[in-house]
Amino acid sequence: MSIQRRGLMLVLSSPSGAGKTTISRLLLDQDPDITMSVSVTTRPPRPGEVEGKDYYFVDHARFDRMVEEGALLEHARVFGNMYGTPSQPVFAALEAGRDVLFDIDWQGTQQLSGKARTDVVRIFILPPSTEELEKRLRTRAQDSDEVVAARMAKASEEMSHWAEYDYVVVNVDVEESLAKVKAILAAERARRERQVGMAEFVNRLRGVD
Ligand code: 5GP
């Protein structure tokens, strides 16, 4: 038995180093009904990053063209680089009744909310403390000291937007945070207005048409 459901857009935002990427990966591994939105960026790839999986890496000319053609659902400058969400894969997933996970910043979240408010569910992930945030940024090792310092400074600015989100999760323990995100997703999927096939299902249950 399957009841037709409208897909939702699950946004996870946080300052860099709060654990959002780990939570996203675990969620994607464990839930076959949600798919990741792969962004385009002008940032150069980090070691180990895979084209088409982590990002689509593009130059500025290509990025500007995508903006002009209206191919991006939202876009923003973050840490001096451009980032954007290609629209087409998102619409395709939603139409197929699948949910889409977004790892985007507060600017992108605002734009997405402006375009599709009822389809967007926003979660903000916070680190448990400033010390922990800095520790996590340092142990990543892939970023230079300069980048780490810049991200610590940016973290405060990013965190000031916490109140624009529907849910806030303080990431003390990854498994616990993952459980919270899954619970939010389960509840949001069960919202009456997203269950577009429910009226028909209930009519069948009641024996009316
Ligand atoms: P990073 O360079 O570490 O992968 O990402 C830096 C920041 O850019 C993160 O906060 C991430 O959420 C944000 N970001 C990644 N992709 C997008 C996007 O498509 N749109 C927006 N607005 N932000 C993004």
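Whatever comes next refers back to the structure up there.
Residues numbered from 1 in each chain as written. Predicted model: local features only at pLDDT ≥ 70, side-chain atom pairs only at ≥ 80, totals over all residues. Heavy atoms only, no water.

Enquirer: Whenever I open this one, the overall build of the protein chain confuses me. Can you help?
Expert: Helices and strands together make up the secondary structure of the protein chain, namely 8 helices and 9 strands. Principal-axis analysis of the C-alpha atoms places the extent of the protein chain at approximately 65 × 40 × 30 Å. Out of the 209 residues belonging to the protein chain, those deemed buried represent 44%. Taking the contacts inside the protein chain whose residues are at least 6 apart along the sequence as the reference set, 70% of them involve residues at least 24 apart. Just so you have it, the protein chain exposes about 11,400 Å², and 51% of that area is on carbon and sulfur atoms. The positive charge centre, built from 28 side chains, and the negative charge centre, built from 33, are 3 Å apart in the protein chain. (Helix = DSSP H or I, 4+ residues; strand = E, 2+ residues; numbered from the N terminus. Buried < 20%, exposed > 50% of the residue type's maximum accessible area, 1.4 Å probe, protein only. Contact = heavy atoms within 4.5 Å. Areas by Shrake-Rupley, 256 points an atom, 1.4 Å probe, with all protein chains shown as cover. Lys, Arg positive; Asp, Glu negative; His and termini not counted. Charge placed at Lys NZ, Arg CZ, Asp CG, Glu CD.)

Enquirer: How should I be thinking about the packing of helix α5 (residues 130–139) against helix α6 (residues 145–159) in this particular structure?
Expert: For any two helices packed against each other, one specifies the crossing angle of their axes together with the interaxial distance. Contact pair α5 / α6: the axes reach a minimum separation of 10 Å and the direction vectors enclose 145 degrees. Relative to α6, the crossing made by α5 is right-handed. From α5, T130, L133, E134, L137 and R138 reach across to α6, where they touch D145, V148, R151, M152, A155 and M159. By residue class, the composition of the contact of α5 with α6 is 6 nonpolar, 1 polar and 4 charged. (Axes fitted to C-alpha atoms, helices over the stretch in contact; angles between N-to-C directions. Left-handed = near helix turned anticlockwise from the far one by under 90°. Nonpolar A, V, L, I, M, F, W, Y, C, P; charged D, E, K, R; others polar.)

Enquirer: Mind showing me how you'd approach the site of the ligand here?
Expert: Around the ligand there are 17 residues in total, and S39, R43, Y55, Y83 and D103 lie nearest to it. For the ligand, an oxygen atom lies 3.1 Å from a polar atom in the side chain of K20. Broken down by secondary-structure element, the contributors of at least two residues to the shell around the ligand are β5 (72–78) and β6 (81–86). (Near = heavy atom within 4 Å. Polar contact = N/O pair within 3.5 Å; in protein donor to acceptor, adjacent residues only side chain to side chain.)

Enquirer: Just checking my understanding: could you explain α5 for this structure?
Expert: It helps to recall that an α-helix has 3.6 residues per turn; residues three or four apart then point in one direction. Within α5, burial applies to L133, R136 and L137. Along the axis of α5, the buried positions cluster into a sector of 100 degrees, meaning they face one direction only. Residues E131, K135 and T139 are exposed on α5 and point more than 90 degrees away from its buried face. Structurally, α5 contributes buried residues whose contacts are with α6. (Arc of directions from axis to C-beta.)

Enquirer: Looking at this structure, how should I read the environment of A71?
Expert: Relative to the elements of secondary structure, A71 occurs in the loop between α2 (60–68) and β5. Distance from A71 to G84, taken between C-alpha atoms, is 9.3 Å for residues 13 residues apart in sequence. Residues in contact with A71, not counting those within four places in the same chain, are M66, T85, P86 and S87.

Enquirer: Help me understand the sheet that holds strand β1 (residues 9–13) in this model?
Expert: Working definition: the strands of a sheet are paired by backbone hydrogen bonds and lie parallel or antiparallel to each other. Read across the open sheet, the 5 strands follow the order β2-β7-β1-β8-β9; overall the sheet is parallel. Single-partner strands in this sheet number two, and they are β2 (34–36) and β9 (167–170). With strand direction ignored, the average angle separating the axes of adjacent strands in the sheet is 25 degrees. Sheet topology note: the strand β8 (residues 120–126)/β9 ladder contains 4 bridges and is parallel. Opposite I125, over in β9, you have V169 as the bridge partner. Strands β1, β2 and β7 (99–103) of the sheet are contacted by helix α3 (residues 87–95), whose axis makes an angle of about 145 degrees with β7. (Pairing = 2+ DSSP bridges.)

Enquirer: Any chance you could explain the pairing of β8 here in plain terms?
Expert: The two faces of the sheet receive side chains in turn, since in a regular strand these alternate between them. Counting buried residues along β8, 7 of its 7 residues qualify, which places the element largely inside the surrounding structure. The pairing of β1 with β8 spans 5 bridges and is parallel. Among the inter-strand pairings, L10 is bridged to a residue of β8, identified as V121.

Enquirer: Is there a simple way to explain a negative patch on the surface in this structure?
Expert: The grouping of D59, D64, E68 and E69 at the surface amounts to a negative patch. Looking at the secondary structure, you find D59 in the loop between β4 (56–57) and α2. Residue D59 is classed as partly exposed on the basis of its relative accessible area of 48%. (Patch = residues over 30% accessible without salt bridge, like charges linked within 9 Å, V, L, I, M, F, W, Y side chains within 5 Å. Salt bridge = Lys/Arg side-chain N within 4 Å of Asp/Glu carboxyl O.)

Enquirer: What am I meant to see in helix α4 (residues 106–116) here?
Expert: For α4, every residue scored as buried is listed here: W106, G108, T109, L112, S113 and A116. One face of α4 carries all of its buried residues, which in axial projection span an arc of 150 degrees. Exposed positions of α4 whose direction lies more than 90 degrees from the buried face are G114 and K115. On its buried side, α4 packs onto β1, β5, β7, β8 and α6.

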